[in-house]
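The lines below spell out each chain.
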Amino acid sequence: MNAQEALEIIKDELQFTSGVIEDALGLVEHCVNKQIPKKPKLDNDNGIYETEHCPNCNRQLFPNEHHCRCGQALDWSDEK
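Definitions and limits used
- Residue numbers restart at each chain and count upward from 1, following the sequence in its written direction.
- Given that this is a predicted model, residues contribute local features only at a pLDDT of at least 70 and side-chain atom pairs are listed and counted only at 80 or more, while totals for whole chains, interfaces and linings are drawn from all residues.
- Excluding hydrogens and water, the side-chain values take into account all heavy atoms of the structure.
- Strands here are runs of E lasting at least two residues and helices are runs of H or I lasting at least four, both read from the DSSP assignment and numbered beginning at the N terminus.
- Burial classification: accessible surface area is computed with a 1.4 Å probe over protein chains only, and a residue below 20% of its type maximum counts as buried, one above 50% as exposed, and the rest as partly exposed.
- When checking whether two residues touch, look at their non-hydrogen atoms; a contact exists if any pair is within 4.5 Å.
- Shrake-Rupley sampling with a 1.4 Å probe provides the accessible areas, and residues are treated as covered by the protein chains on show and by no other component.
- In this tally, Lys and Arg are treated as positive and Asp and Glu as negative; His is ignored, and so are the chain termini.
- Throughout, a charge is located at the NZ atom of Lys, the CZ atom of Arg, the CG atom of Asp or the CD atom of Glu.
- Residue count minus one, scaled by 1.5 Å, sets the expected span of a helix.
- The set of buried Ala, Val, Leu, Ile, Met, Phe, Trp, Tyr and Cys residues whose side-chain atoms join them within 4.5 Å is what this entry labels a nonpolar core.

Asks: Would you explain the overall build of the chain in this entry?
Replies: Along the backbone of the chain there are 2 helices and 2 strands. For the chain, the α and β elements follow one another from N to C terminus as α-α-β-β. Counting only C-alpha atoms and orienting by the principal axes, one finds that the chain spans roughly 55 × 25 × 15 Å. Burial statistics for the chain: of 80 residues in total, 22% are counted as buried. Within the chain, residue pairs in contact and separated by at least 24 positions form 32% of the contacts whose partners lie at least 6 positions apart. Surface accessibility of the chain: about 6000 Å² in total, with carbon and sulfur atoms responsible for 54%. Taking the 8 positively charged and 15 negatively charged side chains of the chain as two groups, their mean positions are separated by 6 Å.

Asks: In this structure, what is going on with helix 2 (residues 19–34)? I would like to understand it.
Replies: Every α-helical turn comprises 3.6 residues, leaving residues that sit three or four positions apart pointing alike. In this model helix 2 runs 23 Å from its N-terminal to its C-terminal C-alpha over 16 residues, within 8% of the 22 Å that 1.5 Å per residue would give. Each element contacted by the buried residues of helix 2 is listed here: helix 1 (3–13).

Asks: Explain the nonpolar core to me, please; I cannot follow it from the model alone.
Replies: Here is a general trend for soluble globular proteins: nonpolar side chains tend to be buried in one another's company. Cys54, Leu61, Cys68, Leu74 and Trp76 together form the largest nonpolar core, which totals 5 residues. Those residues in contact with Leu74, other than ones at most four positions away along the chain, are Pro37, Lys38, Pro55, Leu61, Glu65, His66, His67 and Cys68.

Asks: Hey, could you run me through unusual backbone geometry in this one?
Replies: Phi is mostly negative for residues that are not glycine, and the peptide bonds are mostly trans. Positive phi values are uncommon outside glycine, yet Asn58 reaches one of about 70°. One can find Asn58 in the segment after strand 2 (51–53). Taking relative accessible area as the criterion, Asn58 reaches 40% and is therefore assigned partly exposed.

Asks: Just to check I follow, could you spell out the side chain of Arg59 for this structure?
Replies: Mapped onto the elements of the fold, Arg59 is located in the segment after strand 2. A relative accessible area of 17% places Arg59 in the buried class. Setting aside residues no more than four positions away along its own chain, Arg59 makes contact with Glu52, His53, Cys54, Glu65, Cys68 and Arg69.

Printed below as a string of structure tokens:
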């Protein structure tokens with residue numbers, strides 16, 4: 001079982017949720033989603049060369065960073 005599956009089980013098992021619990025679950029879901037690696041976005045804003053940016057916060061990345069400063073896990077699997 002991974003964190004995403006655990007979160008889904010918790011959400012399914014809760015019969016009654018208040019605003020506080022919903023807020024807490026929203027925060028946990030946000031954090032879990034950042035741990036799922038996502039591919040960097042390619043950007044060519046300057047017209048000269050492409051740069052990689054975080055898919056979550058759009059910060060420019062250094063090659064092969066495992067996580068952005070915002071906490072987003074990155075997937076470089078098809079990068080050479």
